[in-house]
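# Architecture at a glance
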Amino acid sequence: MNRVALDLGIIQIYWYSLMIFLGVLVACIFIFRETRKQNINEDFMLNLIFYSVVFGLIGARAYYVAFNWSYYSTHLLEILEVWNGGLAIHGGIFAGLLWIIFYTKKYKISTLKILDIAVVGLMIGQCIGRWGNFFNQEAYGPVTTLAYLEQEMIPQFIINGMKILGEYHIPTFYYESLWNINGFIILLLVRNCKKIKNGQLTGIYLIWYSLGRFYVESLRMDSLM
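So, here's what we can say about the structure. (Residues numbered from 1 in each chain as written. Predicted model: local features only at pLDDT ≥ 70, side-chain atom pairs only at ≥ 80, totals over all residues. Heavy atoms only, no water.)

## Here's the deal with helix α1 (residues 15-37)
Every α-helix winds through 3.6 residues per turn, so residues three or four apart in the chain are directed the same way. For α1, with 23 residues, the first-to-last C-alpha span of 33 Å sits near the 33 Å given by 1.5 Å per residue. Those residues of α1 that fall on the buried side of the exposure criterion are Tyr16, Met19, Gly23, Ala27, Cys28, Ile31, Phe32, Glu34 and Thr35. The inward-facing, buried residues of α1 contact β2 (12-14), α2 (42-66), α5 (111-129), α6 (131-135) and α9 (172-191). Looking one or two residues past α1, Asn39 carries a phi angle of roughly 55°, positive in sign. (Helix = DSSP H or I, 4+ residues; strand = E, 2+ residues; numbered from the N terminus. Expected span 1.5 Å × (residues − 1). Buried < 20%, exposed > 50% of the residue type's maximum accessible area, 1.4 Å probe, protein only. Contact = heavy atoms within 4.5 Å.)

## A word on a nonpolar patch on the surface
A contiguous nonpolar patch, built from Leu6, Leu8, Ile10, Ile11 and Ile13 and spanning about 520 Å² of accessible area, is present on the exposed surface. With respect to the element layout, Ile11 can be found in the loop between β1 (4-7) and β2. (Patch = residues over 30% accessible without salt bridge, like charges linked within 9 Å, V, L, I, M, F, W, Y side chains within 5 Å. Areas by Shrake-Rupley, 256 points an atom, 1.4 Å probe, with all protein chains shown as cover. Salt bridge = Lys/Arg side-chain N within 4 Å of Asp/Glu carboxyl O.)

## Side note on the layout of surface pockets
Size it by volume and the largest pocket reaches roughly 1000 Å³. What lines the largest pocket is a set of 43 residues, and nearest its centre among them are Ile89, Gly92, Ile93, Leu122 and Gln126. Only α1, α2, α4 (89-106), α5, α9 and α10 (200-219) provide two or more residues apiece to the lining of the largest pocket. Partitioning the lining of the largest pocket into residue classes produces 27 nonpolar, 13 polar and three charged. Of the voids in this model, the second largest pocket is the one considered here, and its volume is about 210 Å³. (1 Å grid on protein atoms, 1.4 Å probe; cavity = no way out; pocket = protein on both sides within 12 Å on 5 of 7 lines; lining within 4 Å. Points joined across faces, edges and corners; volume = space filled by probe spheres on them. Nonpolar A, V, L, I, M, F, W, Y, C, P; charged D, E, K, R; others polar.)

## Details of the packing of α5 against α10
Packing of α5 against α10 leaves a shortest axis separation of 7 Å and a crossing angle of 35°. Crossing angle aside, the handedness with which α5 passes α10 is left-handed. Each of Leu112, Leu115, Asp116, Val119, Val120, Leu122, Met123 and Gln126 in α5 lies in contact with α10, whose residues at this interface are Gln200, Leu201, Thr202, Tyr205, Trp208 and Tyr209. Of the residues belonging to the contact of α5 with α10, the class tally is ten nonpolar, three polar and one charged. (Axes fitted to C-alpha atoms, helices over the stretch in contact; angles between N-to-C directions. Left-handed = near helix turned anticlockwise from the far one by under 90°.)

Below is the structure:
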């Protein structure tokens, strides 16, 4: 599978980077639209989103590198090569959360209210970003058969992409992406309820995402991305 989406000669744009970018972009659009509906200061939210993305990406990379330090300790320059894969969502969420807590406390705005706005965009962003793993042929499960994948009604192009070194693998990235899109729909529906309280959307996100990760992690052959 060709990992390069666009080759400009000097610069190459990888599918992994492109999918991460699209995930972040769509997440930010949903977050900013809800910000306007709730009449939250736009400058405040723009700064919050911008630095959440920056710290989130740094945290995601730092987490991945830390748990693969035996390799990166002898390949220091590769730490910066995020286009080759290696972003751990756990680190990104943690770093972004710390920034949101700090920033909302600084301006005395409800942290839970902001998190409720953020998690809806975060869920759809994670759904899209997972496809970067597909193009890198990573975040897959154990060896399986072609018949099993076809039985699961998995699209043929995904099946083809999950044939790695001559063997078919379970596409756990695909399972997680589907789980996240369903979670996104649930969050949108719940958000429209009039009696929703601050923090409830965040709670639903944490429960839904944790259940999905628990299942996916039980199948994956790697564990940090």
